[in-house]
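Secondary and tertiary structure notes
Spelled out from the first residue to the last, the chains are:
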Amino acid sequence: AGTKQAALIAMLRAPDGATIEEITAATGWQGHTVRGAIAGALKKKLGLDVTSEKVEGRGRVYRVA
């Protein structure tokens, strides 16, 4: 709790999900770091099912299923 990874998970669990841009603004990470955290820490290490979809006017939105 209180870590950037916890903030990332909370953002992805929100009903609207989060875009890479929103996550970078909240964490201060760069885009490639966010994508790496999603693929490595969340999907591989924690086994979370992270999905993405393209949303009109918002771009690619990531969510924890």
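Read on for an overview of the structure. (Residues numbered from 1 in each chain as written. Predicted model: local features only at pLDDT ≥ 70, side-chain atom pairs only at ≥ 80, totals over all residues. Heavy atoms only, no water.)

Some points on the nonpolar core
Side chains of nonpolar character tend, in soluble globular proteins, to be buried together. As a reminder, the rule being used: Joining through side-chain atoms within 4.5 Å is the link that ties buried Ala, Val, Leu, Ile, Met, Phe, Trp, Tyr and Cys residues into a set, and such a set is a nonpolar core. Throughout, exposure labels follow a simple rule: accessible area from a 1.4 Å probe, protein chains only, divided by the maximum for the residue type, with under 20% read as buried, over 50% as exposed, and the rest as partly exposed. The numbering of helices and of strands both runs from the N terminus, where a helix is a DSSP run of H or I of at least 4 residues and a strand a run of E of at least 2. Every residue pair with non-hydrogen atoms within 4.5 Å of one another is taken to be in contact.
Core analysis: the largest hydrophobic core is formed by 14 residues, its most contacted members being Leu8, Leu12, Ile23, Ile38, Leu42, Val50 and Tyr62. Broken down by secondary-structure element, the contributors of at least two residues to this core are helix H1 (4–13), helix H2 (20–27), helix H3 (31–45) and strand E2 (59–64). Leaving out residues up to four positions away in the same chain, Leu42 has contacts with Gln5, Leu8, Ile9, Leu12, Ala37, Gly47, Leu48 and Val50.

Some details on the packing of H1 against H3
Just so we agree on the cut-off: As a rule, the C-alpha atoms of each element are fitted with a line to give its axis, helices using only the stretch in contact, and angles between N-to-C directions run from 0 to 180 degrees. Here is the rule for angles: anything less than 35 degrees is roughly parallel, anything more than 145 is roughly antiparallel, 65 through 115 is roughly perpendicular, and the remaining ranges are oblique.
Packing of H1 against H3 brings their axes to within 12 Å, and their N-to-C directions diverge by 95 degrees. With respect to H3, the axis of H1 lies roughly perpendicular. In this structure, H1 uses Gln5, Leu8, Ile9 and Leu12 to contact H3, whose residues at the interface are Ala37, Ile38, Ala41 and Leu42.

Observations regarding the pairing of E2
We apply this condition: In this analysis, strands are considered paired if DSSP registers two or more bridges between them.
Note that strand E1 (residues 50–55) and E2 share 6 bridges and pair antiparallel. Bridge pairing links Val50 to Val64 in E2. Two successive antiparallel strands, E1 and E2, enclose a turn made up of 3 residues, where Gly57 displays a positive phi of approximately 80 degrees.

Brief notes about the pattern of salt bridges
Note the following rule: Note on definitions: salt bridges are taken to be side-chain nitrogens of Lys or Arg within 4 Å of carboxyl oxygens of Asp or Glu.
Within the structure shown, the criterion is met by 2 salt bridges. Among the salt bridges present, the one from Arg58 reaches Glu22, with a minimum N-O distance of 2.8 Å. Of this pair, Arg58 sits in the loop between E1 and E2 while Glu22 sits in helix H2, placing them 36 residues apart in sequence. Since its relative accessible area comes to 31%, Glu22 is described here as partly exposed. Between Glu53 and Arg63 there is a salt bridge, with its nearest N and O atoms 2.5 Å apart. Placement of the pair is Glu53 in strand E1 and Arg63 in strand E2, with a sequence separation of 10 residues.

Comments concerning the side chain of Thr19
Tracing the backbone through its elements, the reader meets Thr19 in the loop between H1 and H2. Among all residues touching Thr19, those that are not within four sequence positions of it are Arg58, Arg60 and Val61.

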